[in-house]
Amino acid sequence: MSVDVAATESASELTSALDPTPLFDPRTYLDGVPHGLIADLRAHAPVHWVPEPELMGWEAGPGFWAVLTHELMNRVLRDPATFSSHLGATQIRDPQTAAMLEFVQRMMLNQDPPQHTRLRRLLMRSFTPSAVAQLEATISARAERLVSAVVDRGRADFAKEVSAELPLLTLADIMGVPSEDRMLLFDWSNRVIGYQDAEYAVSDAFDPATGTEMARRSREVRAAIRPDPDGRMPDPRSREGLADMYAYAHDLANYKRAEPGADVVSLLLAADDAEGAITNEEFETMFFLFAVAGNETLRNGIPGGLWALLTHRDQLAKLLAEPELLRGAIEEMLRYIPPVVHFRRTATRDVELGGRLVNAGEKVVVFHVAANRDPAVFAEPDRFNIERSPNDHLTFGAGPHFCLGAHLARRQMSAMFTEALWRMPNLRLDPDRPPERLLSNFQHGFKHLPVLWDTPAMPAASPAGPSGNAE
């Protein structure tokens, strides 16, 4: 394909009165996604060059192209030959060393066809109908138990005390991780997704007194991971930064090969095709994908969805009156406040994108939070509307990397909201304890979401929370 240079602007030529740098700064998202800035940028052009200045202890980077429309995000994600997940991996910041890049390139998330196709095929075969049915059978019962544990209290940190456990337990089932080790998954995902956040970067919620021998060996490995002279922990995208998780994954693979069960991981390790069975090294990097992406996305998605309902009381009232709207409400939650802010690709060749000349090797970052509010696709995109139809959001991506766990994510959201919304009367935000967002430019989520509800022992309160659009 030839590129009409005269009709495009390169990064070096691009100037704009609008500063897109806040899109890169994790501190921006402590106040929520900057939807006003995104809308202004998109009105000017669908693609913008964003600098990567030195900040928060990071070195300056080369900058990237931010894709802000639904159409172009779809195009990028569906064309891995031009926009590669493998060349520079899928995070905005480049890995610090060539060895670190080589390591993360082994992960399925950071691969392109045909390598990605083989691993995805083996994984999809492991999600057999019977395996999925077993998972679904436990999700509703667990959601019921999690809500029952707090329902008589009348208050809770919904993000930490209610919703966090459900994806952990489901993932433990998928991976065949003993339930007593599940909080290791919590810590690992915190350290990876929240490494920009002081609270999450050193997450240590697991109680070693309750874990298995595999967990004990993993903890011994973690004890050897030390901060640098500036107090920063090693980058968790490196093998060294998450050595304890990879040690656990290695032990788990050996255990499941010797004593397979009915879980997805046992099926995955036993699977084979013309291109060979999965290796222990491939499993270790796939375990990373399960433990982080499979946990953190839903752990942020459920509190985010509840926050959207509690700040739009009219929509909450409509849903409570018409429970059959729950399926559509979940899709609107996913659109309105997606847990993933962005994903990166790298251009494999010079290409025109939205009137910009993208050079081979430059970063192209698609913003889910922008595509999901593109007015060209969604009428009144800033309005939270549980009856929105159609609702072609891109929260789970598109193309070869479309989220494999989308069905189970929706199932868990449905189970949790079915329990919480109808068993916690007059559910509302706690006016004395504001929500607290994660410090991250990658995951948009609530670390803490304090809520109140009425119990038989307390008087009813007036519904709290704004009815307008605060997001």
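Residue numbers here run from 1 along each chain, matching the order of that chain's written sequence. Only residues with pLDDT of 70 or above have their local features reported here, since the model is predicted, and side-chain atom pairs are shown and tallied only from 80 upward, although totals for entire chains, interfaces and linings are computed over all residues. The basis for every side-chain value is the complete set of heavy atoms in the structure, and neither hydrogens nor water enter the calculation.

Draft legend 1. Representation of the pairing of strand S8 (residues 363-367). Each residue gets one of three labels from its accessible area relative to the maximum for its type: buried under 20%, exposed over 50%, partly exposed in between, using a 1.4 Å probe on protein chains only. Helix numbering and strand numbering both begin at the N terminus, where a helix is a DSSP run of H or I of at least 4 residues and a strand a DSSP run of E of at least 2. Among the five residues of S8, five are classified as buried, and the element is accordingly described as predominantly covered. Of the two faces of S8, the one carrying Lys363, Val365 and Phe367 and the one carrying Val364 and Val366 are both buried.

Draft legend 2. Just helix H10 (residues 213-222), in detail. Those residues of H10 that sit buried are Met214, Ala215, Ser218 and Arg222. Angular distribution of buried residues about the axis of H10 spans 95°; they occupy a single face of the element. The contact criterion used throughout is that any non-hydrogen atoms of two residues lie within 4.5 Å. Tucked into the core, H10 has its buried residues touching helix H8 (182-193) and helix H11 (243-258). The definition of a polar contact used here is a pair of N or O atoms within 3.5 Å, where within protein one atom must be able to donate a hydrogen and the other to accept one, and adjacent residues in sequence count solely through side-chain atom pairs. The opening residue of H10 is Thr212, an N-cap whose side-chain oxygen sits 3.3 Å from the backbone nitrogen of Met214. Regarding the arc, it is the one traced by the directions from the helix axis to the C-beta atoms.

Draft legend 3. Examining the sheet that holds strand S4 (residues 155-157) more closely. A strand pair is defined by DSSP finding two or more bridges across the two strands. Here three strands make up an open sheet; going across it, the order is S4-S12-S9 and the pairing antiparallel. The two strands at the open ends of the sheet, each matched to only one other strand, are S4 and strand S9 (428-429). In this sheet, strand S12 (residues 450-452) lies alongside S9 in antiparallel orientation, the contact comprising two bridges. The residue of S12 that forms the bridge with Leu429 is Val451.

Draft legend 4. Summary view of the pattern of salt bridges. A side-chain nitrogen of Lys or Arg and a carboxyl oxygen of Asp or Glu constitute a salt bridge if their distance falls within 4 Å. A complete count under the given rule lists 26 salt bridges for this structure. Where Arg27 meets Asp25, a salt bridge forms, and the shortest distance between an N and an O atom there is 2.9 Å. On the accessibility criterion, Arg27 (43% relative accessible area) is partly exposed. We note a salt bridge from Arg106 to Glu281, for which the minimum N-O separation is 3.3 Å. With a gap of 175 residues between them, Arg106 in the loop between helix H3 (98-104) and helix H4 (115-126) and Glu281 in helix H13 (residues 280-310) connect regions that are remote in the sequence. Owing to a relative accessible area of 30%, Arg106 belongs among the partly exposed residues under this scheme. By sharing partners, the salt bridges in this structure join Glu213, Arg216, Arg217, Glu220 and Asp251 into a single network.

Draft legend 5. Spotlight on the packing of aromatic side chains. Any Phe, Tyr or Trp ring, taking Trp's six-membered ring, that has another such ring centre within 6.5 Å forms a pair; planes under 30 degrees apart are called stacked, those over 60 apart edge-to-face, and the others tilted. Scanning the entire structure with this criterion turns up 14 aromatic pairs. Measuring from centroid to centroid gives 6.5 Å for Phe64 and Phe367, while their planes differ by 20°, and the two rings are stacked. Of this pair, Phe64 sits in strand S2 (residues 61-67) while Phe367 is found in strand S8, placing the two residues 303 residues apart along the sequence. The exposure class of Phe367 is buried, given its relative accessible area of 0%. Among the aromatic residues, those joined into a ring-pair cluster are Phe24, Trp58, Phe64 and Phe367. By definition, being over a ring means that NZ of Lys or CZ of Arg is both within 6 Å of the ring centre and within 35 degrees of the ring normal. When the ring centre of Phe378 is taken as reference, the NZ or CZ atom of Arg335 above it lies at 5.3 Å. Seen from the ring of Trp307, Arg437 lies directly overhead, with NZ or CZ sitting 5.4 Å from the centre.

Draft legend 6. Spotlight on unusual backbone geometry. Here Pro113 and Pro114 are connected by a cis peptide whose omega angle stands at 5°. By the secondary structure assignment, Pro114 is in the loop between H3 and H4. Here the bond from Ser389 into Pro390 is cis, since omega is 0°, no more than 30 degrees from zero. Within the element layout of this structure, Pro390 appears in the loop between helix H16 (368-371) and helix H17 (406-423).

Draft legend 7. The sheet that holds S2, seen in detail. An order of S1-S2-S8-S5-S3 is seen for the five strands of this open sheet, with the pairing classed as mixed. Both edges of this open sheet fall to strand S1 (47-52) and strand S3 (83-84), since each of them pairs with a single strand only. A fitted line through C-alpha atoms serves as each axis, taken over the contacting stretch for helices, and the angle formed by two N-to-C directions is quoted from 0 to 180°. Helix H2 (residues 70-77) rests against S1, S2, S3, strand S5 (342-347) and S8 of the sheet, and its axis sits at about 125° to S8.

Draft legend 8. Examining H11 more closely. Given the number of residues in a helix, its expected span is that number minus one, multiplied by 1.5 Å. If you check H11, its first and last C-alpha atoms are 23 Å apart, about what 16 residues at 1.5 Å a residue would give, namely 22 Å. For H11, the full list of buried residues reads Asp244, Met245, Tyr246, Tyr248, Ala249, Asp251, Leu252, Ala253 and Lys256. Next to the buried residues of H11 lie H3, helix H7 (165-175), H8, H10, helix H12 (264-270) and H13.

Draft legend 9. Region of the structure containing the nonpolar core. Ranked by size, the top nonpolar core spans 117 residues in total, and within it Phe283 and Phe287 carry the most contacts. Top element by residues in this core is H13. It accounts for 15 residues. In this structure Phe287 touches Met175, Val177, Leu185, Trp188, Met245, Tyr248, Ala249 and Leu252, once residues within four positions along its chain are discounted. Counting residues in hydrophobic clusters, the runner-up holds 19 residues, among them Tyr29, Val33, Trp58 and Ala66. As used here, the term nonpolar core means buried Ala, Val, Leu, Ile, Met, Phe, Trp, Tyr and Cys residues forming a set that is joined through side-chain atoms within 4.5 Å.

Draft legend 10. Summary view of the side chain of Asp263. Along the chain, the position of Asp263 falls in the loop between H11 and H12. Polar contacts involving the side chain of Asp263 include one to the main-chain amide nitrogen of Val265, which spans 3.3 Å. Excluding residues that lie within four positions of it along the chain, Asp263 makes contacts with Asp173, Ile174, Met175, Gly176 and Lys256.

Draft legend 11. Broad picture of the environment of Asn254. In this fold, Asn254 is placed in helix H11. For Asn254, a relative accessible area of 37% translates into the label partly exposed. Spatially, the C-alpha atoms of Asn254 and Asn280 are 8.1 Å apart, while their sequence positions differ by 26 residues. At a separation of 3.1 Å, a polar atom in the side chain of Asn254 contacts the side chain of Asn280.

Draft legend 12. Structural detail: the pairing of S1. Buried residues dominate S1, accounting for five of its six residues. Note: S1 against S2, five bridges, orientation antiparallel. Each bridged residue has a counterpart across the sheet, and for Trp49 the counterpart in S2 is Trp65.

Draft legend 13. The arrangement of the packing of H7 against H17 in detail. Two elements in contact, H7 and H17, have axes whose closest approach is 11 Å; the angle formed by their N-to-C orientations is 140°. Between H7 and H17, the crossing angle belongs to the class labelled oblique. Our pair here, H7 against H17, has a crossing hand that is right-handed. Of the residues in H17, those touching H7 at Leu166, Pro167, Thr170 and Ile174 are Leu408, Gln412 and Met416. By definition in this entry, angles of less than 35 degrees are roughly parallel, angles greater than 145 are roughly antiparallel, angles of 65 to 115 are roughly perpendicular, and the rest are oblique. Throughout, a crossing is termed right-handed when the near helix is turned clockwise from the far one, and left-handed when it is turned anticlockwise from it by less than a right angle.

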